[in-house]
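# Structural characterization, general
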Amino acid sequence: MKLKRVLSALMVTAVAASSMAVMGVSAADATGVNLMPIVDEAVPPDDLVKDITYNVQSDGSWVLTQQKAEDFWPCLKMKSQGWTVDVAKTPYLYYEVEATNKWNINVPIGNGTPISMGAILSANPTTDPDATGNQKGRIDLRQYVESDGKAKEIGEISYFVVGPKNATVTIKQLYIAGDLVNGEWPKLTTEEKTYYNPYTATVETDLFNKDASKWATVDISDTDNKYGEGSNPALSIEASGNGLKFAVSSKLEAEASRNWFPARLETNMTGVSISGKYLYYSFKATGKWNLNLVFGSNPDDTENTLKLAPSIMQAKNPNMKLLYSVAEGDGVKTFGYDQDGPAGAYVGRIDLEAAIKKAVENEKIKAGDPVKDGKIDLCAVIVWDIGNAGTTVEMDKLFLGNGGEQNTQPAYGGSAGGNSNGGNTNGGNSNGGNNGGNKTPSTGDVTYAYAAIVIMVAAAGAVVLFSRKAKN
């Protein structure tokens, strides 16, 4: 495994270090952008799924844990959400991070080199471009991003935990906003998304067998879905992280007449109670996907099958309307029952009994209502991987249960402030972190000394690029 960590340049003009007094002189613009990881969007890269785990706390903070046996620096990545920032109006990056060892967060803004918080907060950025321990304060982005009154897009954000196995990083607050308001960090209005954490819910009936040999797939040239037959399986199924990865065969381009392939687990469960319970899930897909539950006793009975993509999509986007009489929705405001889910990560729960009822009412389950006295007979679970060669569906949770901490995260696509408890921290009393500077007793303001590197190249500005490769 090789991972390049490109840490951003510190761009300066004439001094080796600059400092700036944090002064709450006026009420700032109450808009900004929340850079906290988002449930369903922040996931480890495919080659790091075994090396990092995360848990979302009830207050919205994220705990990242390093799982590799040696010193390492795995990360979560959150793809661009289409957010933009004008650093002339909202120039400060507020952060509150706790760590048992070291950490880094890279934030690309515009077309320049990504902002490396670790390099900025490090005492020796040339040799150790990571932040150490607990840090709380703010960074003036105008030192690193052109303040020209133009909105610049925020790209893919990387959140690193650095150190030995079991090292943790807790990201408590991370957002871009204006100046202090009456000496306190600005509290930004935000629309929040509520979800239930499958990693803390009680598992009552597990529907996901992590033994790859228990799953059957079809031949790459078979259009009739005859599971377990043929010499060229359309999907490879292997252990990955805490679950399984279903990957479309590399032979697809040459031999297959389609690009939608199923893997089936025969559960053969009878009398499974679903009344008052929820179906929890955690998976990510690099292409389109779908999940099916087959009721009754015949795993090939398509008329007794529930498609889960519409309910999962609505759980992710509560304002989305499900269409049962239209083949395709637009995937933004509407979603068709027979439509496949788009690439992305999905974490949460659905009301399975309600989903079945709606499908029966709209004649999508043509065999009749499979729920009898709050119970079902469930004979199979099917995972569909839809896409070109190499497309994957990676899953680690699918179960019936209850509970789970109710968490809040910023709604998708919206500008936001701090997390559910964000913005209440008194900036004047911030300790500034290990490298954050000293509090001025007479005013309560905090002065931050930002590490900077000066490289004289002719008369031009400087760009220093840090990189590091993961060990094999």
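Residues numbered from 1 in each chain as written. Predicted model: local features only at pLDDT ≥ 70, side-chain atom pairs only at ≥ 80, totals over all residues. Heavy atoms only, no water.

## Section: the pattern of salt bridges
If charged atoms from side chains of opposite charge come close, those side chains can pair. Considering all chains together, one arrives at 13 salt bridges under this definition. The residue K152 makes a salt bridge to D148 at a minimum N-O spacing of 2.6 Å. The class for K152 is buried, based on a relative accessible area of 15%. The class of D148 is partly exposed, set by a relative accessible area of 31%. For R264, the salt bridge identified is with E266, shortest N-O distance 3.3 Å. Overall, the relative accessible area of 7% leaves R264 in the buried class. When its relative accessible area of 42% is taken as the criterion, E266 is described as partly exposed. Salt bridges here are not isolated pairs; linked through shared partners, they connect E41, K79 and K316. (Salt bridge = Lys/Arg side-chain N within 4 Å of Asp/Glu carboxyl O. Buried < 20%, exposed > 50% of the residue type's maximum accessible area, 1.4 Å probe, protein only.)

## Some details on the sheet that holds strand β24 (residues 288–295)
Within the open sheet, the five strands sit side by side as β19-β22-β29-β24-β25. Their pairing is antiparallel. Looking at strand neighbours, the two that pair on one side only are β19 (215–217) and β25 (305–307), the edges of this open sheet. Within this sheet the neighbouring strands show an average axis-to-axis angle of 25 degrees, counted without direction. When β24 meets strand β29 (residues 375–386), the two strands line up antiparallel, connected through eight bridges. By the bridge assignment, W289 is partnered in β29 with D385. Sitting on the sheet, helix α3 (residues 309–316) is in contact with β24 and β25, with an inclination near 120 degrees to β24. Seen against the sheet, helix α4 (residues 352–361) touches β24, β25 and β29 and runs at an angle of roughly 105 degrees to β25. (Pairing = 2+ DSSP bridges. Helix = DSSP H or I, 4+ residues; strand = E, 2+ residues; numbered from the N terminus. Axes fitted to C-alpha atoms, helices over the stretch in contact; angles between N-to-C directions. Contact = heavy atoms within 4.5 Å.)

## A few points about the packing of aromatic side chains
Aromatic rings in a pair are described by how distant their centres are and how their planes are angled relative to each other. Summed over all chains, the structure comprises 14 aromatic pairs. Here the aromatic rings of F283 and W289 are separated by 4.8 Å at their centres, their planes lie at 70 degrees, and the arrangement is edge-to-face. Residue classification places W289 among the buried positions, given a relative accessible area of 0%. The cationic tip of R349 hangs over the ring face of Y196; the distance from NZ or CZ to the ring centre is 3.5 Å. The residue whose ring lies beneath R349 is Y278, and the NZ or CZ to ring-centre distance is 3.5 Å. (Phe/Tyr/Trp six-rings, centres within 6.5 Å; stacked < 30°, edge-to-face > 60°. Lys NZ or Arg CZ within 6 Å of the ring centre and 35° of its normal.)

## Structural notes on the pairing of strand β22 (residues 260–273)
Here is the key point about a regular strand: its side chains alternate between the two faces of the sheet. Across three bridges, β19 lies against β22 in antiparallel orientation. Its bridge partner lying in β22, T217 is registered against A263. Alignment of β22 against β29, held across 10 bridges, turns out to be antiparallel. Within the sheet, the bridge partner assigned to E266 lies in β29 and is A380.

## A short note on empty space enclosed by the protein
One pass over the full model with this rule turns up three cavities of 30 Å³ or more. In this model, the largest cavity occupies a volume close to 60 Å³. Around the largest cavity, the lining residues are V39, Y54, N55, V56, Y195, N197, P198, Y199 and V347. Considering each element in turn, the lining of the largest cavity owes the most residues, three residues, to strand β5 (residues 52–56). Partitioned by chemical class, the residues of the lining of the largest cavity number seven nonpolar, two polar and no charged. (1 Å grid on protein atoms, 1.4 Å probe; cavity = no way out; pocket = protein on both sides within 12 Å on 5 of 7 lines; lining within 4 Å. Points joined across faces, edges and corners; volume = space filled by probe spheres on them. Nonpolar A, V, L, I, M, F, W, Y, C, P; charged D, E, K, R; others polar.)

## Quick word on unusual backbone geometry
If you check the backbone angles, D40 has positive phi at about 80 degrees while not being a glycine. Relative to the elements of secondary structure, D40 occurs in the loop between β3 (33–34) and β4 (42–43). Residue D40 is classed as buried on the basis of its relative accessible area, which comes to 2%. The backbone phi angle of N268 is positive, close to 50 degrees, even though this residue is not glycine. Among the secondary structure elements, N268 is positioned in strand β22. Since its relative accessible area comes to 53%, N268 is described here as exposed.

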